[in-house]
Amino acid sequence: MFYDVAMNFVIGTILMVAGAIMIWIPNRIFTGILIASIVFLCVNGVVLIIRFVKNKMNKDFFFSILSFVFMFFLMNFRYLPQWILRVNFGGYCILCGFACFVQLVINQINHIKRNFFNFVFSFIYIFFGFYLLLNPDFHTDLLMRAFGIYFMILGMRYFGDGYEGINPLTKYKWKRKVRITLPAFLCAFVPDAALTSVNRYLEEGKPEDLNTYKKDEVVRLKVIVHVGPKGFQKVGHICFAYDDIVYSYGNYDSDSFHLNQTIGDGIFFTVPLEKYIPNMISAENNSIFEYGVYTTSKQNALIEKEIEKIRQNGYRWYTKIEKEDGYDRFSEYEMDYPSRLHYRTGAKLYKVKSGKFHIYWALGDNCASFTDLVLGTLGADVLSIRGIISPGTYLDWLQKEYLKKNSPVVFRRIYKEWDS
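Residue positions within a chain follow its written sequence, with the count starting from 1. Since the coordinates come from a predicted model, pLDDT governs what is reported: local features require at least 70, and pairs of side-chain atoms require 80 or more to be given and counted, while whole-chain, interface and lining totals use all residues. Values shown for side chains rest on all heavy atoms present in the structure; no hydrogens or waters enter the calculation.

Chemist: Summarise the overall build of the protein chain; cite the residues concerned and give the values.
Modeler: Starting at the N terminus, helices and strands are each numbered in turn, a helix being any DSSP run of H or I of at least four residues and a strand any DSSP run of E of at least two. When its secondary structure is counted, the protein chain shows 14 helices and eleven strands. Residue burial in the protein chain is summarised as follows: out of 420 residues, 46% are buried. Every residue pair with non-hydrogen atoms within 4.5 Å of one another is taken to be in contact. Here the contacts in the protein chain between residues at least 6 apart in sequence split such that 73% fall between residues at least 24 apart. For the protein chain, the exposed area adds up to about 22400 Å²; of that, 64% sits on carbon and sulfur atoms. For each residue, the accessible area found with a 1.4 Å probe, counting protein chains only, is set against the maximum for its type, and the residue is called buried under 20%, exposed over 50%, and partly exposed in between. Accessible surface is estimated by sampling points in the Shrake-Rupley manner with a 1.4 Å probe; for residues, cover comes only from the protein chains shown.

Chemist: Describe helix 12 (residues 337-345), naming the residues involved and giving the relevant values.
Modeler: Counting buried positions along helix 12 yields seven of nine residues, so the element is predominantly enclosed. Taken together, the buried positions of helix 12 are occupied by Tyr337, Pro338, Ser339, Arg340, Leu341, His342 and Thr345. Buried residues in helix 12 make contact with strand 6 (267-272), helix 9 (273-283), strand 8 (314-317), helix 11 (320-323) and strand 9 (348-352). Count one or two residues on from helix 12 and you reach glycine 346, which has phi positive near 80°.

Chemist: An account of a nonpolar patch on the surface is needed here, citing residue identities and associated values.
Modeler: Each patch is built from salt-bridge-free residues with over 30% relative accessible area, joining like charges within 9 Å and nonpolar side chains (Val, Leu, Ile, Met, Phe, Trp, Tyr) within 5 Å. Between Lys or Arg on one side and Asp or Glu on the other, a salt bridge is scored when a side-chain nitrogen of the former is within 4 Å of a carboxyl oxygen of the latter. A contiguous nonpolar surface patch, about 510 Å² in accessible area, is contributed by Phe61, Ile65, Val69, Phe70, Phe72 and Phe73. Along the chain, isoleucine 65 falls in helix 3 (residues 58-76). Assessed through its relative accessible area of 39%, isoleucine 65 is described here as partly exposed.

Chemist: Hey, could you go over empty space enclosed by the protein for me, with residue numbers and the actual values?
Modeler: Points on a 1 Å grid, built from protein atoms alone, make a cavity when a 1.4 Å probe fits but cannot get out and make a pocket when they are open with protein on both sides within 12 Å along at least 5 of 7 lines; residues with an atom within 4 Å of a point are the lining residues. Grid points are joined across faces, edges and corners, and a volume is the space filled by probe spheres set on the points. For the structure shown, the criterion picks out one cavity of 30 Å³ or more. What the largest cavity holds in volume is close to 50 Å³. Every residue along the wall of the largest cavity is listed here: Tyr252, Asp253, Ser254, Asp255, Trp317, Tyr318, Thr319, Lys320, Lys323, Asp336 and Pro338. Only Asp, Glu, Lys and Arg are considered charged in this grouping, and only Ala, Val, Leu, Ile, Met, Phe, Trp, Tyr, Cys and Pro are considered nonpolar; every other residue, Gly among them, is considered polar. Each residue belonging to the lining of the largest cavity can be placed in one class, and the counts come to four nonpolar, two polar and five charged.

Chemist: An account of the packing of aromatic side chains is needed here, citing residue identities and associated values.
Modeler: Under the pairing criterion, centres of Phe, Tyr and Trp rings, with the six-membered ring standing for Trp, must be within 6.5 Å; the plane angle then separates stacked pairs below 30 degrees from edge-to-face pairs above 60, leaving the rest tilted. Per the stated rule, a full pass over the model turns up 22 aromatic pairs. Ring geometry for tyrosine 394 against tryptophan 397: centres 5.6 Å apart, planes inclined by 85°, an arrangement best described as edge-to-face. Residue tyrosine 394 and its partner tryptophan 397 are both found in helix 14 (residues 391-403); the two are separated by three residues, about one turn of the helix. Residue classification places tyrosine 394 among the buried positions, given a relative accessible area of 0%.

Chemist: So what about the nonpolar core? Which residues, and what values?
Modeler: Here, nonpolar core means buried Ala, Val, Leu, Ile, Met, Phe, Trp, Tyr and Cys residues that are tied together by side-chain atoms lying within 4.5 Å of each other. By size, the foremost hydrophobic cluster in this structure holds 37 residues, and its most contacted members are Trp174, Leu221, Phe370, Leu375, Tyr394 and Leu398. Take this core: its biggest share by element is six residues, from helix 14. Excluding residues within four positions of it along the chain, phenylalanine 370 makes contact with Phe240, Tyr247, Ser248, Tyr249, Phe268, Ile310 and Phe357. If you look at the next biggest cluster of nonpolar residues, it comprises 20 residues, including Tyr252, Leu273, Tyr337 and Leu349.

Chemist: Talk me through the pattern of salt bridges; I want residue IDs and the actual numbers.
Modeler: If you walk through the whole model with that rule in mind, you get 14 salt bridges. In this structure, the salt-bridge partner of aspartate 244 is lysine 222, at a minimum N-O distance of 3.1 Å. Taken together, the residues aspartate 244 in the loop between strand 3 (237-242) and strand 4 (245-250) and lysine 222 in strand 2 (residues 221-227) connect sequence positions 22 residues apart. Residue class for lysine 222 comes out buried when judged on its relative accessible area of 14%.

Chemist: Give me the lowdown on the side chain of glutamate 290, citing residues and values where you can.
Modeler: Looking at the element boundaries, glutamate 290 is found in strand 7 (residues 287-293). For glutamate 290, which is buried and forms no salt bridge, the nearest opposite charge comes from lysine 222, at a distance of 4.5 Å. Within polar-contact distance, the side chain of glutamate 290 engages the side chain of tyrosine 415 at 2.9 Å. When residues no more than four places from it in sequence are discounted, the contact partners of glutamate 290 are Lys222, Val223, Ile224, Leu273, Ile277, Phe411, Arg412, Arg413 and Tyr415. Asp and Glu are treated as the negative residues and Lys and Arg as the positive ones, with His and the ends of the chain left uncounted. For this analysis, a polar contact is any N or O atom pair within 3.5 Å, provided that within protein one partner can donate a hydrogen and the other can accept it, and provided that sequence-adjacent residues contribute only side-chain to side-chain pairs.

Chemist: Before we move on, could you go through the pairing of strand 9 and cite the residues and values that matter?
Modeler: Here strand 9 lies mainly inside the structure; four of its five residues are buried. The pairing of strand 6 with strand 9 spans four bridges and is antiparallel. Directly across from phenylalanine 269, in strand 9, lies its bridge partner leucine 349. Sheet analysis places strand 8 next to strand 9, joined by four bridges and oriented antiparallel. Bridge pairing links tyrosine 315 to lysine 351 in strand 9. When DSSP locates at least two bridges between a pair of strands, those strands are taken to pair.

Chemist: Could you give an account of the UniProt feature "transmembrane region" (unreviewed entry) in the protein chain, with specific residues and numbers?
Modeler: UniProt positions are given in the numbering used here, feature names are shortened, and annotations may be inferred rather than shown by experiment. As annotated by UniProt and renumbered to match this structure, "transmembrane region" (unreviewed entry) occupies residues 7-25, 31-53, 60-77, 83-104 and 116-136. Taken end to end, residues 31-53 is 100% helix and 0% strand, and its two terminal C-alpha atoms sit 33 Å from one another. The span residues 116-136 is 90% helix and 0% strand, and its two end C-alpha atoms sit 31 Å from each other.

Chemist: With reference to specific residues and values, describe the pairing of strand 4.
Modeler: Every other side chain in a regular strand lies on the same face of the sheet, so the side chains alternate between the two faces. The element strand 4 is extensively covered by neighbouring structure, given that five of its six residues are classed as buried. Strand direction decides the pairing type here: strand 3 and strand 4, joined by three bridges, are antiparallel. Of the residues in strand 4, the one forming a bridge with tyrosine 242 is isoleucine 245. Hairpin remark: strand 3 followed by strand 4, antiparallel, with two residues in the connecting loop; positive phi at aspartate 243, about 50°. Examined bridge by bridge, strand 4 and strand 6 share six bridges and lie antiparallel to one another. Along strand 6, the bridge assignment pairs glycine 250 with isoleucine 267.

Chemist: Break down the side chain of aspartate 253 for me, with residues and values.
Modeler: Among the structural elements, aspartate 253 can be located in the loop between strand 4 and strand 5 (263-265). Polar contacts involving the side chain of aspartate 253 include one to the main-chain amide nitrogen of aspartate 255, which spans 3.1 Å. Sequence-distant contacts of aspartate 253, defined by excluding residues within four places in its chain, comprise Asp265, Ile267, Trp317 and Lys351.

Here is the structure:
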């Protein structure tokens, strides 16, 4: 745990120094990145050629040629890296603006007010994105300085997390505020990266205590992040359990899927924790990161009130295997996740009647936002300036909170396939 806390200071220092340099001499930094890229591509090309000579694998030869070709372009066409940076960042801004705009439309459909910030961010992101794409004379120095400011702010956040990790004060309270996070596209990879790190640690034969407890307290609230082995499962999914009943929100009705399954009818299900976790591990081949959050009696009352509101705003939705009474023909429904979940665990699914979460949107009202309904009552500070949070954003926050001595996150457990 001390190592993880120390890493917050190390990362914070690196980000602060890098940010200051990018603000001070942005042009030299860009040139340095360009030179480093050229050297890397050259070394990579040579290594792949050597591997090709030894192993005779055609893919090594192909990628070595690709490395040398790209290196040639970087050396002879200096505008290319600037074009790559400008176009990629412009495209990212347009994607963020599109996500905010879709949420704006969904909120209008659901008759949810207070859309001013969604409108503002949609306009700013889309305007700046197209400005970058359509303006070849945009000065890269300005972009590098903007990155530098962002790095310094992010570095201060890591310093704050590190200080709170060693702070001997007995009182620690969550405060609801906007938290500066990693970019959304990086947060998406946090769950898979965390799982890869654990797997690598175990493969190296190092002692890793997957189940660690800071306090011997009765925990009624647990937050669960699970990560799958392939595809969109690598982004992860987050839900919560209260009094060992899981509440999970997602896009489960295949008849309502739109935009490559990123939009659909909002559905939540309830299932006993003791059935849910074994099913996710053994049947769905997921790994589980579970964090226990200690709550007071006053906080429990707030949580129970929020859960009751969730239940009151849902009506029972029946899976295909239920509607067609196909329990004795499970193989016909096995490819339908809600059906196999209900069959194996007895989970009950509910569609959201109205309001927020009536429509699921992967880059807006998603599983992380749903979990935030409960953790937000405790003051969890995972609000994003963009209004977009992901399972990776929450996993990163939960791990950092667990490392703090006096945080309400009092235990962590990692379940893998061998636990089933």
